[in-house]
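Summary of the model geometry
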Amino acid sequence: MTFDSWPTGSVEDRVAFAIEEVRPAIQADGGDVALVGVEGAVVRVSLHGACRGCPMANSTLADFVAERIRLYAPEIENVVAE
């Protein structure tokens, strides 16, 4: 997957693109994020590694992951971690 063009396609495709785009930064801090699924206007992700139990995980999810997802898929209203 290359990040030199604006993602198109289904909501799921655009959400997956956004997650793949933010993963390297999260992995650099010892964590990881994976797409669980898209249900209507809600995206479900799972947090792994250092993200689990990290006091900044909610901020990372809301301010970084969700922001990028909404950039490419503005119809998404909520991003939740399982």
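Residues numbered from 1 in each chain as written. Predicted model: local features only at pLDDT ≥ 70, side-chain atom pairs only at ≥ 80, totals over all residues. Heavy atoms only, no water.

Looking now at the packing of aromatic side chains. Counted by the stated rule, this structure contains 2 aromatic pairs. Summarising the aromatic geometry, the rings of tryptophan 6 and tyrosine 72 are spaced 4.9 Å apart at their centres and angled 80 degrees between planes, so their arrangement reads as edge-to-face. A residue pair is termed long-range when its members are at least 10 positions apart, and tryptophan 6 in the segment before helix H1 (11-28) and tyrosine 72 in helix H2 (residues 57-72) qualify at 66 residues. Aromatic side chains phenylalanine 17 and tyrosine 72 sit 5.4 Å apart centroid to centroid with 80 degrees between the ring planes, which places their arrangement in the edge-to-face category. Of this pair, phenylalanine 17 sits in helix H1 while tyrosine 72 sits in helix H2, and the two are 55 residues apart along the sequence. Tyrosine 72 shares its class with phenylalanine 17; the two are buried. An aromatic cluster is defined as three or more aromatic residues linked by ring pairs; in this entry it consists of Trp6, Phe17 and Tyr72. (Phe/Tyr/Trp six-rings, centres within 6.5 Å; stacked < 30°, edge-to-face > 60°. Helix = DSSP H or I, 4+ residues; strand = E, 2+ residues; numbered from the N terminus. Buried < 20%, exposed > 50% of the residue type's maximum accessible area, 1.4 Å probe, protein only.)

A few words on the confidence of the model for the protein chain. Low-confidence regions, as indicated by low pLDDT, have predicted coordinates that should not be scrutinised in detail. Residue-level pLDDT values for the protein chain average 92, and 95% of them are 70 or greater. Ranking the helices and strands of the protein chain by mean pLDDT puts strand E1 (residues 31-39) first, with 97, and H2 last, with 94. (pLDDT = per-residue confidence, 0-100.)

If you check H1, its first and last C-alpha atoms are 27 Å apart, about what 18 residues at 1.5 Å a residue would give, namely 26 Å. A maximum bend of about 35 degrees is found in H1 at valine 22, where proline proline 24 lies one to four positions downstream. Within H1 the residues assigned to the buried category are Val11, Arg14, Val15, Phe17, Ala18, Ile19, Glu21, Val22 and Ile26. Where H1 is buried, its residues meet E1, strand E2 (42-49) and H2. Note on H1: the residue one or two positions beyond its end, glycine 30, has a positive phi of about 90 degrees. (Expected span 1.5 Å × (residues − 1). Bend = angle between axes of the 7 residues up to and from the residue. Contact = heavy atoms within 4.5 Å.)

What follows covers the environment of arginine 52. As for its position among the elements, arginine 52 is in the loop between E2 and H2. Residue arginine 52 is classed as exposed on the basis of its relative accessible area of 58%. With 23 residues separating them along the chain, arginine 52 and glutamate 75 place their C-alpha atoms 27 Å apart. Excluding residues that lie within four positions of it along the chain, arginine 52 makes contacts with Leu47 and Glu82.

Next up on the list: the nonpolar core. Counting 22 residues, the largest nonpolar core has Val15, Val33, Val43, Val45, Ile69, Ile76 and Val79 as the members making the most contacts within it. For this core, the elements supplying multiple residues, two or more each, are H1, E1, E2 and H2. With residues up to four places along the chain from it excluded, the contact list for valine 15 reads Leu35, Val38, Val43, Ile69, Ala73 and Ile76. (Core = buried A, V, L, I, M, F, W, Y, C linked by side-chain atoms within 4.5 Å.)

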